[in-house]
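A look at the structure
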Amino acid sequence: MSASHNHPAPAPLGGSFVTPTTVILALLVAIAGVIMLVRFFFGLGAVTNINDGYPWGIWVVYDVVIGSAFACGGYSVALLVYIFNKGEYHPMVRPALLASLFGYTLAGAGVMLDLGRYWNFWHIFWPGYAQVNSVMFEVAVCITAYIVVMWIEFSPAFLEKFGMKNVKRKLNKFLFLIIALGVLLPSMHQSSLGSLLVVFGYQIHPLWQTMLLPLLFLMTALAIGFAVVIFEACLSSSGFKRPLEMQLLGKLSKVMLWMLTAYLIVRFVDLIVRGAVGSMFELRIETLMFWIENALFIAPLVILASPQSRRNPSKLFIAAVCLMLAGFLLRIDSFLVGYETGPGWHYFPSVPEIMVSIGMIALEILGYIALVRYLPILPGTTESAIAGNK
Amino acid sequence: MSISRRDFLKGALAGGSLLAAGAPAEARENKVMPGEALGLLYDSTLCIGCKACVSACKEVNDMPPEFSTEDHLWDTPLDISGKTLNVIKVYQNGTAENKDSEIDGFAFMKVSCLHCADPSCVSACPVSAMTKDPVTGIVGYDKDVCIGCRYCVAACPFGVPRFQYDKAIPQISKCQLCRQRIPEGKYAACAQVCPTGATLYGKVKDLHAESQRRLAMKPGEYATFPRGNINTHDQSPHTAKAAKYIPHIYGEKEVGGTQMLKLSAVPFDKLGMPTLPDQSFASKSETLQHTLYGGLIAPLAFLGVLSFVAKRNVKHDDDANDEKK
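Quick notes on the rules
- Residues numbered from 1 in each chain as written.
- Chains lettered and ligands numbered in written order.
- Predicted model: local features only at pLDDT ≥ 70, side-chain atom pairs only at ≥ 80, totals over all residues.
- Helix = DSSP H or I, 4+ residues; strand = E, 2+ residues; numbered from the N terminus.
- Expected span 1.5 Å × (residues − 1).
- Buried ≥ 20, exposed ≤ 12 C-beta atoms within 10 Å, placed from the backbone.
- Contact = placed C-beta atoms within 7 Å.
- Pairing = 2+ DSSP bridges.
- Axes fitted to C-alpha atoms, helices over the stretch in contact; angles between N-to-C directions.
- Nonpolar A, V, L, I, M, F, W, Y, C, P; charged D, E, K, R; others polar.
- Parallel < 35°, antiparallel > 145°, perpendicular 65-115°, else oblique.
- Left-handed = near helix turned anticlockwise from the far one by under 90°.
- pLDDT = per-residue confidence, 0-100.
- Core = buried A, V, L, I, M, F, W, Y, C linked by C-beta atoms within 7 Å.
- Domains from an automatic or database assignment.
- Arc of directions from axis to C-beta.

Some words on helix H1 (residues 20-42) of chain A
Note: α-helices contain 3.6 residues per turn, so residues at a spacing of three or four share the same orientation. Residue and element names in this part refer to chain A. The end-to-end C-alpha separation of H1 is 34 Å, in line with the 33 Å expected for 23 residues at 1.5 Å each. Three or more residues of H1 are buried, namely Leu25, Ala32, Ile35 and Arg39. Structurally, H1 contributes buried residues whose contacts are with helix H4 (93-114) and helix H11 (351-374). Immediately beyond the C-terminal end of H1, within one or two residues, lies Gly43, with a positive phi of roughly 95°.

This is the structure:
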């Protein structure tokens, strides 16, 4: 019976909301807010560097494509706990889910900033307007559904706080369905985020254009999900001065490494089968970026090769960061570096464009800090020290 | 790591069911253009670069001028954009002395929407703002439906749809073959004003036959070329020496065929037209989507397996929580 439950129940952290960290975060959010005003009054070109050769900049590629991949912790852990029945990881569900909830909700909100004709956004869900052959239709519907599902999945934390035991009990009856949807929906849209590029055809460099894009994006989203859980556990343990659950994280990193190995096999076999090996050794920026991307994917396998290193918090943290950067680069490379519509087009994000993305991240962290202090999310500390070190 | 074999198999089964259920779906072929499809034939060898088409296009489509010179005296667009639907570009090599010569020569190319038989922009558009007319085959755009996501801009293999980055209320701009003029009995302004018949309007099947007639001409011999509308013969023909054509009708097969056909004496890749496969990118993308999501069979099967497994595992969860309280 793997779903053993000796874990301490989640409890609010308490403490002050106003700290130097939260003040700086709030400032970053405010700066992004001002830039948004300019964008809405003067058009996308007033603050971004996007153009007809690169119509999608970092507000799409970072805020949505990468942002949602970084928000896959909830997905990865839910898959492990509820589908592979590894109850030992149960204490990780709520913190991971909260980060995912924020990541996705902001990715969804971020889309609105980037849409040129945002007031029509509802057309995407409206029969008669909705165009079901579009990959973006699938992505939009699935991400929206997942955001709703996550709020329901997460609602026990609120219900506990407000003592609504009845509602919670009723919710528990069909929670399995919500959990199943919480695994299905990210599987669908994380893969579709890769499929978005298939219709771009020859405009995507052969190092990234493949019919396996959905599989590559799905596998890396799962691996990133595990990396993000490790990353967040390390950060919140140092930030909130809590013990690190090393045993669990070490085990989790092993799952992550298996996923990574499988990914690299699929990635390179696909390149060989498609005959794209030659483009791996050309002297161009795409090739360089390809190797940096893949070196970062391989790095965690080297860093965490021995069981000792998997018990070393700093090595775990570095490996997780490498993998997150690798997933970041895979998406940047396939959407921007490997994208070429013709001569004469260039894109690098402008400072205001970057400040908006930073503002979104700041808002995410701010929300996370506020909620873990207020709601029962993180495992209660008194017992977790024992649980973590046993 | 102690995932038991049984647990692992269950999880793997759930994953496998998604792939297995998706496998038998049928590949989506290239879409075929309507029999009465309307289009243009652009013959680079007849074009004299007068840009009457650029000016007429601006006028009938109510587009603003675009300046590329310092004095801002007249409309001088260098490329299609949020303000310009059609331009004539020039190729130059070496001394640029000879018209329609790849070496030491020059040649013109019209840049505007090619109205694909199986357009990437229509396949990409999540809200049916880009549509292909079932009768005329014209790829039209409806700003009132558009959400401004610019997936069409990114997807088009010819880089045709453009976006207005400088406007708070922007829209996509692209050539719609003057479809608003058809009810008035008029046709594409670019073809109507073309003095040499370099841009010719009409049914694609007739334009295709005309292209083949030109490719069969003897280079250097005088021939007549229809002007304006090939179907109504509303204008007198133009007489010129037949050029030494590249034996390729651009748009006949590219990405499943386009309703704009192009002829040239200089290789098309030199004139900025990409070398493209016969299979449309839209068919590739939709085959993939239909394989994974056709009839929602695979997702529902996967959901079934996930719910079954989750139901068992969540039960344990509840029991454990209850014991604790």
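With respect to the sheet that holds strand E1 (residues 38-43) of chain B
All names here are of chain B. Taken together, the 3 strands give an open sheet; going across it, the order is E9-E1-E12, and neighbouring strands pair in mixed fashion. Edge positions in the open sheet fall to strand E9 (199-203) and strand E12 (260-263), since each of these has one partner strand only. Between one strand axis and the next, the sheet turns through 20° on average, direction left out of account. Where E1 and E12 come together, 4 bridges link them in parallel fashion. Bridging across to E12, Asp43 finds its partner in Leu263.

Regarding the interface of chain B and chain A
Chain B puts 58 residues into the contact, and the matching count from chain A is 62 residues. Those elements giving two or more residues to the side of chain B that touches chain A turn out to be helix H1 (5-22), helix H3 (120-124), helix H4 (151-155), strand E7 (162-163), helix H7 (281-293) and helix H8 (297-324) of chain B. Among the residues making up the side of chain B that touches chain A, the classes are represented as 35 nonpolar, 12 polar and 11 charged.

Thoughts on the sheet that holds strand E3 (residues 98-99) of chain B
All names here are of chain B. Taken together, the 3 strands give an open sheet; going across it, the order is E2-E4-E3, and neighbouring strands pair in mixed fashion. Edge positions in the sheet fall to strand E2 (87-92) and E3, since each has one partner strand and no second. Across 6 bridges, E2 lies against strand E4 (residues 105-111) in antiparallel orientation. Residue pairing in the sheet places Ile88 in a bridge with Lys110 of E4.

A short note on the pairing of E9(B)
All names here are of chain B. In terms of burial, E9 is largely enclosed, as 5 of its 5 residues are buried. Bridging between E1 and E9 involves 5 bridges; their strand directions are antiparallel. Along E9, the bridge assignment pairs Leu40 with Tyr201.

Comments concerning unusual backbone geometry
All names here are of chain B. Look at Lys51: it is not a glycine, yet its phi comes out positive at around 65°. Position of Lys51 relative to the elements: it lies in the loop between E1 and helix H2 (52-60). Residue Lys51 is classed as partly exposed on the basis of its C-beta count, with 17 C-beta atoms lying within 10 Å. The backbone phi angle of Cys178 is positive, close to 50°, even though this residue is not glycine.

Points about the packing of helix H3 (residues 73-83) of chain A against helix H6 (residues 165-195) of chain A
Residue and element names in this part refer to chain A. Where H3 meets H6, the axes come as close as 10 Å, and the angle between the chain directions of the two elements is 135°. Comparing their axes, H6 and H3 come out oblique. Viewed along their axes, H3 and H6 form a crossing whose handedness is left-handed. Judged by residue contacts, Tyr75, Ala78, Leu79, Tyr82 and Ile83 of H3 engage Ile179, Gly182, Val183 and Pro186 from H6.

Some thoughts on the confidence of the model for chain B
As a general rule, the predicted coordinates of low-pLDDT regions are not to be interpreted in detail. Residues and elements named next belong to chain B. In the predicted model, chain B carries a mean pLDDT of 90, and 89% of its residues have values of at least 70. Contacts from residues 17-24, a stretch scored under 50 in pLDDT, to residues over four places away or in other chains number 11 contacts. This model gives residues 318-325 a pLDDT under 50, and the stretch forms 5 contacts once residues within four places in sequence are excluded. For this predicted complex, the interface confidence reaches an ipTM of 0.90, while the overall pTM sits at 0.90.

Some remarks on the nonpolar core
Of all hydrophobic cores here, the largest spans 219 residues; its most connected members are A:Ala223, A:Ala227 and A:Leu323. In terms of residue count, the dominant contributor to this core is helix H7 (residues 213-239) of chain A (15 residues). Here this core gathers at least three residues from each of two domains, domain 1 (5-29 + 284-324) and domain 2 (38-113 + 181-276) of chain B.

With respect to H2(B)
Residue and element names in this part refer to chain B. Every buried residue belonging to H2 is among Cys53, Val54, Cys57 and Lys58, and all of these are buried. Taken down its axis, H2 places every buried residue within 135° of arc, on the same side. Among the structural elements, E2, helix H5 (189-193) and E9 are those in contact with the buried residues of H2. Phi turns positive, to about 60°, at Asp62, one or two residues after H2.

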